Amino acid sequence: MISVRNLSKDFLVSGGKVAALRNLDVEVSEGEFFVIVGASGSGKTTLLRCVAGLEVPSGGEIRIADQVVSSDNPPTWIPSQQRRFGMVFQSYAVWPHLTVYDNVALPLREGAQRVPRNQVEARVREALCLVQMEKLAERSATLLSGGQQQRVALARAIAVSSKLLLMDEPLSNLDARLREEVRGKIRELAKHLGSTVLYVTHDQVEAMAMSDKIALMQLGELLQVGAPMELYHHPNRAEVAEFFGSVNWLRGRMIQACLAETPIGRLEVQKPAAPGEEILLGFRPECISIVEDRSATKTNVLQATLGSSTFLGDQFVYSVVVQDRLLVGKNRTLPRCNKGEVCLRVDPADVMVFPADNKRGMAVLEPEHSRALGTAG
Amino acid sequence: MQEVLRLPRALSTRVKMPSPFLLVALLPMGLILILVAVLFWVSLQRGVIGTAAVTYTWENYAVIFGDPFVYRVSVNTAIFALSTVFFALLIGLPIAWMTERTTIPGKVAIYSIMTLGLLIPGIYTAMGWTFIAHPRIGFLNQWLVDLFGLESAPINIATPVGMGFVQGLSLSALAFILTAQVFRAMNPSLEEAATVHGMGFLGTLWRITLPLALPGILAAIIYMVTIGIATFDIPAIIGLGNRIYMLSTFVYLKAHPPDSGLPEYGITASMGTFMISVAVLLTCWYGRVLRQGHRFEVVTGKGYRPTLIELGGWGIVGWGFILFYALISKVLPLLLLAYAAFTPYLAPPSWKMMGQLSLVNYYNIDWELIMRGLKNTVLLVVVVPVVVMVFSFCISWVVVRSRSQWRYILDFGAFLPHALPEVIMAVGALLLGLFVVGNFLPLYGSVWLIAMVYVIARLAFATRAINSSLLQIHRELEEAAYAAGLSTVRTSWRILFPLLRPTLLSVWIWTTLLVYRELTVAVFLASHQSITLPAIIWSYWFGGGRNEAAAVTLLMTVAVTPLILVFWWFGRRSVLPSQ
Ligand SMILES: Nc1ncnc2c1ncn2[C@@H]1O[C@H](COP(=O)(O)OP(=O)(O)OP(=O)(O)O)[C@@H](O)[C@H]1O
Ligand SMILES: [Mg+2]
């Protein structure tokens, strides 16, 4: 449905250029709920705006439904108005001088996708019904709550085109509880209508919960694209692992194909690597399991001293020290303690291994960082 | 998705078509450049301008800089400009301080009075004060002479300082508006800190308040000096008849010599170029001082509520001051104008004169001329504001919204008329009409030439006002419309115009009023056919028909009163967009 090739975008600012997008490739298939996540300033909004035609790319090609809408060779430009998509903005952009009804109806009456006069009413009612706003149709847009404005924006987008929807952090202005409720509804609605959705957020939980596919961006580049499970369990680099949840990082060296020497002792890993290679190891807090019966397990057992712990209701977050290294664990119960000593284990399948020469990968291992991890849990 | 089409090859060499707004916005910029260029071009010529019998030299500049008369005129102008600022601040500053920093009652009323002050043209004040304090015909002088048996008139407003006083009366409303902004933006906790640490009221005022306000006040001073240097109307009304010349009236004299002298356009143009340089320098300085002033503006949060100084009984004194100002700057001049409009000749008001009141002036004035002036004025008042709004909306949109490289140029270009005195634009347009397009376009002497200059002159203000409103409209409101398929023009019509309506309305009324009363450009450019009402007043006045001039002025004032009331009513609710 959307195909982005080699897309780049530079902004001219006083004192030079900012490369917001660097040679990006994205493929979104029909009917897919595609989420772009990334830290602030990573270029998510810029990518979405390029697809929407609100920003002119510096290079590369964008196709929507197999039609080139923007390209540098041959130079092609289809303005926003003719690209046929619905869009929900971060600020909702509900026109304050119009009623709810007119907000949805204006594009149908006067836009490039206008419909015959006698069908406008039905289309508007239908869209408002889908977001349960039909009762407030005559209300002025200034008198709506944040959640209601969000729904009007969604209705307007659906009414214009339910085939392709672009959304830029549509939930970031809602409070936490409402956000959780609405994100389920949006996904349900998109699936009900069979829409292709390109959705931007900076919240990894939102991304996980809504998407069929996630693309993680950093500094204008895509780090990894894949299903949520894939990104969580098989990140292709340290930053990806780090983005989707906290990780206990360790520096190490391979001594056998599947055995690594680390500051907390030897650890078996599943992914083979060349012996002698410097590596970066990581495992998530919830992957640390408590060993009840020490005799039953031999590999990857950690003798640790229990530090602080926090009760979060559904689980405990605790810190342990293994040979001067602080690790963070998560569990439903606290490990049983014998004079402060506990026995833990990490499954070899849960240990993520990345090459240590990856320069950016090393950034996650800065001392402050591992300390911060300990408190963040 | 058949609607998504590849553009035909012929069109696709350009990746993105320039927005229609950019094309419209460039038009007035081109005009401004042409005016300045023409002025400079003519300033280099001696001989029969625009023909083969011309030599290109710097001689015009040598002539004006070597002329002792020009030197005297420059000194006059400097004295005039400085005394203008002095009197304007003497009145405007205390009123601004009282309104923004003390508990004086009736602040809305003060704002209304001062805003009305902005609307009453300087020429009315000038004519009124001529009736009051002119050495020969001023009533006050005659009374004082009679009362004390003096030899000669004790008060003379036909001097640079006297004219500066009248101009200061008329600019004090502006001084008020400018300095009130300064006081409002100032962080009150700085003053409070001084009071808490034991400084008295006057000490705080002198040591803290004024120094903090100083950059803002300095900026206001430079701004008013720029206006003062180029003002034409008051020096023309009071000074021309008494042979006291300023730079602006000097330029007028060279372009429209009395009797049957030949116009010296080369001299006019070189003087114009010189004045542009001075004005541009002053304006750049103004911009710098203004930016420095912003350094002191500590950002205040939402709960910002300045503690006001308790005036108590002094409030009465404050109001006395304001009312006295209103009396001498507005009420008295207008009353005397009304009186002069109904008397057959000029004489101090007395019981005997009351018996002589009649409509005689209205029988004497040339109604055919008035109707022609009315027609032209109405035409200008209807057309110019609309064109100004279209241009300035397009400029603002490009400057605020687009990423076009042109936006910096447009931003500066729209500011330029603000630095170019109206006199100079009028001269530029005069020369353009005479020597450049004269052969193929009968622009000279037509009302459209006047309209053109009016449009350019009003752009700076309108663009600033729309810029700041447009900045407050979230970009996404507009982009949502594009994404939903509305074209650029339709988006403006359906989304931006409704949201900008309060600003557009106040810009429109304000422009209308200024165009209605505009004198300078009209005097330079009006011909027998294209004369406007203010120009008619001027020609009566200059020709000695002071009572007739007063009669026409009264008519004009009465006719515009409804509009002023609308403006006032409207201005109460939305604050006048500041320059
Ligand atoms: N109009 C602009 N002019 C100059 N630089 C810009 C502009 N818009 C974005 N940028 C820069 O491009 C980069 C990417 O910005 P973008 O808005 O796409 O980030 P984002 O991923 O959406 O961030 P956020 O999560 O904070 O919304 C940033 O470094 C930003 O400063
Ligand atoms: Mg963003």
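## Overview of the overall build of chain A
Of the regular secondary structure elements, chain A holds 10 helices and 21 strands. For the C-alpha atoms alone, the extent of chain A along its principal axes is close to 80 × 50 × 40 Å. Expressed as a percentage of the 377 residues in chain A, the buried residues total 52%. Looking at chain A alone, contacts between residues at least 24 apart form 64% of all its contacts between residues at least 6 apart. As displayed, chain A has an accessible area near 16800 Å², and 49% of this comes from carbon and sulfur atoms. Of the charged side chains in chain A, 43 are positive and 43 negative, and the gap between their average positions amounts to 2 Å.

## Describing the environment of A:Tyr92
Tracing the sequence through the fold places A:Tyr92 in the loop between strand E7 (86-88) and helix H2 (100-110). With 214 residues separating them in the primary sequence, A:Tyr92 and A:Leu306 have C-alpha atoms 48 Å apart. Non-local contacts of A:Tyr92, meaning those with residues more than four positions away in its chain, are made with A:Gly146, A:Gln149, A:Gln150, A:Ala153, A:Arg156, A:Pro170, A:Asn173, A:Leu174 and B:Glu476.

## Re the side chain of B:Thr130
Residue and element names in this part refer to chain B. Position of Thr130 among the secondary structure elements: in helix H5 (residues 122-133). With a relative accessible area of 1%, Thr130 lands in the buried category. Apart from the residues within four sequence positions on either side, Thr130 is in contact with Ile137, Gly138, Ile157, Ile237, Ile238 and Trp541.

## Overview of the sheet that holds strand E14 (residues 265-268) of chain A
Residues and elements named next belong to chain A. Strand order in this open sheet of five strands is E14-E13-E12-E15-E21, and the pairing throughout is antiparallel. Two strands close off the open sheet at either side, each with one partner strand: E14 and strand E21 (352-355). With strand direction ignored, the average angle separating the axes of adjacent strands in the sheet is 40°. Note that strand E12 (residues 248-256) and strand E15 (residues 278-283) share six bridges and pair antiparallel. The partner of Arg251 across the bridge, within E15, is Leu280.

## Considerations on unusual backbone geometry
Residues and elements named next belong to chain A. A cis amide bond links Asn73 with the next residue in sequence, Pro74, at an omega value of -5°. Looking at where Pro74 falls in the secondary structure, it is placed in the loop between strand E5 (67-72) and strand E6 (75-77). With a phi angle near 50°, Ala65 is a residue other than glycine that sits in the positive phi range. Examined against the element boundaries, Ala65 turns out to sit in the loop between strand E4 (59-64) and E5. In the Ramachandran plot, Tyr92 falls in the positive-phi region, its phi being about 75° despite a non-glycine side chain.

## A word on the site of ligand 1
Around ligand 1 there are 14 residues in total, and A:Ser40, A:Gly41, A:Lys44, A:Thr45 and A:Thr46 lie nearest to it. Mapping the residues near ligand 1 onto chains gives chains A and B. Within the side chain of A:Ser40, an N or O atom sits 2.5 Å from an oxygen atom of ligand 1. Contact distances for ligand 1 include 3.2 Å between an oxygen atom and a backbone N or O atom of A:Ser42. Protein chains shield 65% of the accessible area of ligand 1, which is 630 Å² for the free molecule. Listed by contribution, the elements that provide at least two residues to the shell around ligand 1 are strand E1 (2-13), strand E2 (16-28) and helix H1 (44-52) of chain A. The biggest single contributor to the shell around ligand 1 is H1(A), with three residues.

## Side note on the interface of chain A and chain B
Of the residues lining the interface, 42 residues belong to chain A; the matching set on chain B comes to 32 residues. Between chain A and chain B, the buried area comes to about 3200 Å², and carbon and sulfur atoms account for 62% of it. Taken together, the links from chain A to chain B amount to three salt bridges. Residues B:Arg490 and A:Glu110 are paired through a salt bridge, measuring 3.1 Å at the closest nitrogen-oxygen approach. In this assembly, chain A and chain B are joined by eight residue pairs in polar contact (both at pLDDT 80 or more). Taken together, the elements giving at least two residues each to the side of chain A that touches chain B come down to E1, E5, E6, H2 and helix H4 (146-160) of chain A.

## Points about the sheet that holds strand E9 (residues 196-201) of chain A
Residue and element names in this part refer to chain A. Read across the sheet, six strands follow the order E7-E8-E9-E3-E10-E11 without closing on themselves; strand pairing throughout is mixed. Of all strands in the sheet, those bounded by a partner on one side alone are E7 and strand E11 (221-226). Across the sheet, the mean angle separating the axes of adjacent strands is 15° when strand polarity is ignored. Of the pairings in the sheet, the one linking strand E10 (residues 213-218) to E11 comprises five bridges and is antiparallel in character. Each residue of the ladder has a partner; that of Met217, found in E11, is Leu222. Packed on one face of the sheet, helix H5 (residues 176-193) meets strand E3 (33-38), strand E8 (164-168) and E9 and runs near 145° to E3.

## Thoughts on empty space enclosed by the protein
By the definition in use, this model includes four cavities of 30 Å³ or more. What the largest cavity holds in volume is close to 1100 Å³. Counting residues per element, the lining of the largest cavity draws most heavily on helix H7 (residues 160-185) of chain B, which supplies seven residues. Looking at the lining of the largest cavity residue by residue, the classes come out as 29 nonpolar, 12 polar and five charged. Taken together, A:Phe85, A:Gly86, A:Met87, A:Phe89, A:Ala153, A:Arg156, A:Ala157, A:Val160, B:Ala480, B:Ala483 and B:Ala484 form the lining of the second largest cavity.

## Here's the deal with the pairing of E2(A)
Residues and elements named next belong to chain A. Relative to E2, E1 is paired through nine bridges, and the arrangement is antiparallel. The partner of Phe11 across the bridge, within E2, is Val18. Taking the residues between adjacent antiparallel strands as the criterion, E1 and E2 are bridged by two residues, where Gly15 takes a positive phi near 95°.

## Here's the deal with a nonpolar patch on the surface
On the surface, B:Trp367, B:Met371, B:Leu374, B:Val378, B:Val382 and B:Leu555 cluster together into a nonpolar patch covering about 510 Å² of accessible area. Looking at the nonpolar patch element by element, the count peaks at five residues for helix H16 (residues 367-401) of chain B.

## Focus on the packing of helix H1 (residues 20-43) of chain B against helix H17 (residues 406-419) of chain B
Residues and elements named next belong to chain B. Contact pair H1 / H17: the axes reach a minimum separation of 10 Å and the direction vectors enclose 45°. It follows from the interaxial angle that H1 and H17 lie oblique. Judged by the twist between their axes, the crossing of H1 over H17 is left-handed. The residues of H17 that touch H1, namely those facing Leu22, Ala25, Leu26, Met29 and Ile32, are Trp406, Leu410, Gly413, Ala414, Leu416 and Pro417.

## Considerations on the confidence of the model for chain B
When pLDDT is low, close inspection of the predicted coordinates is not appropriate. All names here are of chain B. On average, residues of chain B carry a pLDDT of 83, and 90% of them reach 70 or more. Across residues 1-15, confidence stays below pLDDT 50; counting only partners more than four residues off in sequence or on other chains, it has 30 contacts. Segment residues 574-579 is flagged for pLDDT under 50; beyond a separation of four residues in sequence, or across chains, it makes nine contacts in the model. Both scores are available for the predicted complex, with the pTM at 0.80 and the ipTM at 0.79.

How each quantity is defined
- Residues numbered from 1 in each chain as written.
- Chains lettered and ligands numbered in written order.
- Predicted model: local features only at pLDDT ≥ 70, side-chain atom pairs only at ≥ 80, totals over all residues.
- Heavy atoms only, no water.
- Helix = DSSP H or I, 4+ residues; strand = E, 2+ residues; numbered from the N terminus.
- Buried < 20%, exposed > 50% of the residue type's maximum accessible area, 1.4 Å probe, protein only.
- Contact = heavy atoms within 4.5 Å.
- Areas by Shrake-Rupley, 256 points an atom, 1.4 Å probe, with all protein chains shown as cover.
- Lys, Arg positive; Asp, Glu negative; His and termini not counted.
- Charge placed at Lys NZ, Arg CZ, Asp CG, Glu CD.
- Pairing = 2+ DSSP bridges.
- Axes fitted to C-alpha atoms, helices over the stretch in contact; angles between N-to-C directions.
- Near = heavy atom within 4 Å.
- Polar contact = N/O pair within 3.5 Å; in protein donor to acceptor, adjacent residues only side chain to side chain.
- Buried area = accessible area lost by both parts, 1.4 Å probe.
- Salt bridge = Lys/Arg side-chain N within 4 Å of Asp/Glu carboxyl O.
- 1 Å grid on protein atoms, 1.4 Å probe; cavity = no way out; pocket = protein on both sides within 12 Å on 5 of 7 lines; lining within 4 Å.
- Points joined across faces, edges and corners; volume = space filled by probe spheres on them.
- Nonpolar A, V, L, I, M, F, W, Y, C, P; charged D, E, K, R; others polar.
- Patch = residues over 30% accessible without salt bridge, like charges linked within 9 Å, V, L, I, M, F, W, Y side chains within 5 Å.
- Parallel < 35°, antiparallel > 145°, perpendicular 65-115°, else oblique.
- Left-handed = near helix turned anticlockwise from the far one by under 90°.
- pLDDT = per-residue confidence, 0-100.

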